[in-house]
Amino acid sequence: MTRKSRRLWLVGGCLLGFGAATGLTLQAFSANIVFFMAPSQILEHPPAAGRTIRLGGMVVAGSLVQNHAAGREPSVQFQVTDGQQAVRVRYVGILPDLFREGQSVVALGEMSGDGSFQAAEVLAKHDETYMPKDVAAALRRSGRWDPRFGPPPAAASWNSMTTASVTHGT
């Protein structure tokens, strides 16, 4: 083997090793990425089964149902909307103190087989003026809110925006 061919094999082996390492790194990162989705995005393009996502939007007023069975952790159901569609969320555990109907919320979890969202964690906004960037962007994309014209719509108006879709995932 000549010196030139040995060098060529060495460079080729290094490139192959670098390519394999890059591929494995990208695969590991993609398994840990958690995407943010609004209810209308989830219903249009459902995530793969078992895929963890963040669901963000506003809690539909009047949709909160609590179940406090003796000896068990409390469980709740509520609906999250982006002004176009609504998704039913199921959560077992204690909700944050600032959780309220008509407020923005972000839930971490995955879609279940019945079309509802099974949340492992629920995050509520921390004051009256805060709205998560992802939630605000979803509301602007849906055409339901433009920050140039004031604060987000009142909680009471969210029910009328989603009358046809509020029952999805029950």
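This text follows the structure it describes.
Remember, it's a predicted structure, so these values are computed and weren't measured experimentally.

Peer 1: For the environment of glycine 57, give the residues involved together with the corresponding values.
Peer 2: Structurally, glycine 57 is set in strand S2 (residues 53-59). Taking the C-alpha atoms as reference points, glycine 57 and alanine 137, separated by 80 residues in sequence, lie 10.0 Å from one another.

Peer 1: Tell me about the environment of valine 87, and name the residues and values.
Peer 2: Locating valine 87 in the fold gives a position in strand S5 (residues 86-92). You can call valine 87 buried: its relative accessible area is 0%. In the structure, valine 87 is positioned 24 residues away from methionine 111 in sequence and 9.8 Å away in space, judged by C-alpha atoms. Once residues lying within four places of it in the same chain are set aside, the contact partners of valine 87 are Pro39, Leu43, Leu55, Phe78, Gln79, Val80, Met111, Gly115 and Phe117.

Peer 1: Go over the nonpolar core with me, naming the residues and quoting the values.
Peer 2: Grouped together as the largest cluster of nonpolar side chains are 18 residues, with contacts concentrated most on Phe78, Phe117 and Val122. Broken down by secondary-structure element, the contributors of at least two residues to this core are S2, strand S4 (75-81), S5, strand S6 (104-111) and strand S7 (117-124). Not counting chain neighbours up to four residues away, the residues in contact with valine 122 comprise Phe78, Tyr91, Leu95, Pro96, Phe99, Val105, Val106 and Ala107.

Peer 1: Could you give me a rundown of the pairing of S4, with the residues and numbers involved?
Peer 2: Most of S4 sits out of view: five of its seven residues are buried. Bridge count between S2 and S4: two bridges; the pairing is antiparallel. Counterpart to methionine 58 in the pairing with S4 is threonine 81. Bridge count for strand S3 (residues 65-67) against S4 is three bridges, and the pairing is antiparallel. When the bridges of S4 are listed, glutamine 66 appears paired with valine 76. One ladder, built from seven bridges, connects S4 with S5; its direction is antiparallel. For valine 76, the partnering residue across the bridge sits in S5 and is tyrosine 91.

Peer 1: Help me get a handle on the pairing of S2, residues and values and all.
Peer 2: Here S2 lies mainly inside the structure; six of its seven residues are buried. Of the strand pairs in this sheet, strand S1 (residues 35-37) and S2 are connected by three bridges, and their pairing is parallel. Each bridged residue has a counterpart across the sheet, and for phenylalanine 36 the counterpart in S2 is arginine 54. One crossover worth recording links S1 to the parallel S2 by way of helix H2 (residues 39-44), and it is right-handed.

What counts as what
Each chain carries its own residue numbering, running from 1 in the written order of its sequence. Predicted model: local features are reported for residues with pLDDT of at least 70 only, side-chain atom pairs are reported and counted for 80 or more only, and whole-chain, interface and lining totals are derived from all residues. Each side-chain value is derived from all of the structure's non-hydrogen atoms; neither hydrogens nor water enter the calculation. Secondary structure is summarised from DSSP: a helix means a run of H or I of at least four residues, a strand means a run of E of at least two, and numbering begins at the N terminus for each. Three labels apply to residues, based on accessible area from a 1.4 Å probe with only protein chains included: buried if under 20% of the type maximum, exposed if over 50%, partly exposed otherwise in between. Whether two residues touch is decided by their heavy atoms; if any such pair falls within 4.5 Å, the residues are in contact. As used in this record, nonpolar core signifies buried Ala, Val, Leu, Ile, Met, Phe, Trp, Tyr and Cys residues forming a set joined through side-chain atoms within 4.5 Å. One bridge is not enough; two strands pair if DSSP finds at least two bridges between them. With the strands aimed away from the viewer, a crossover counts as right-handed if its path from the first strand over the helix to the second runs clockwise.

Function-wise, these values are silent; they only describe arrangement.
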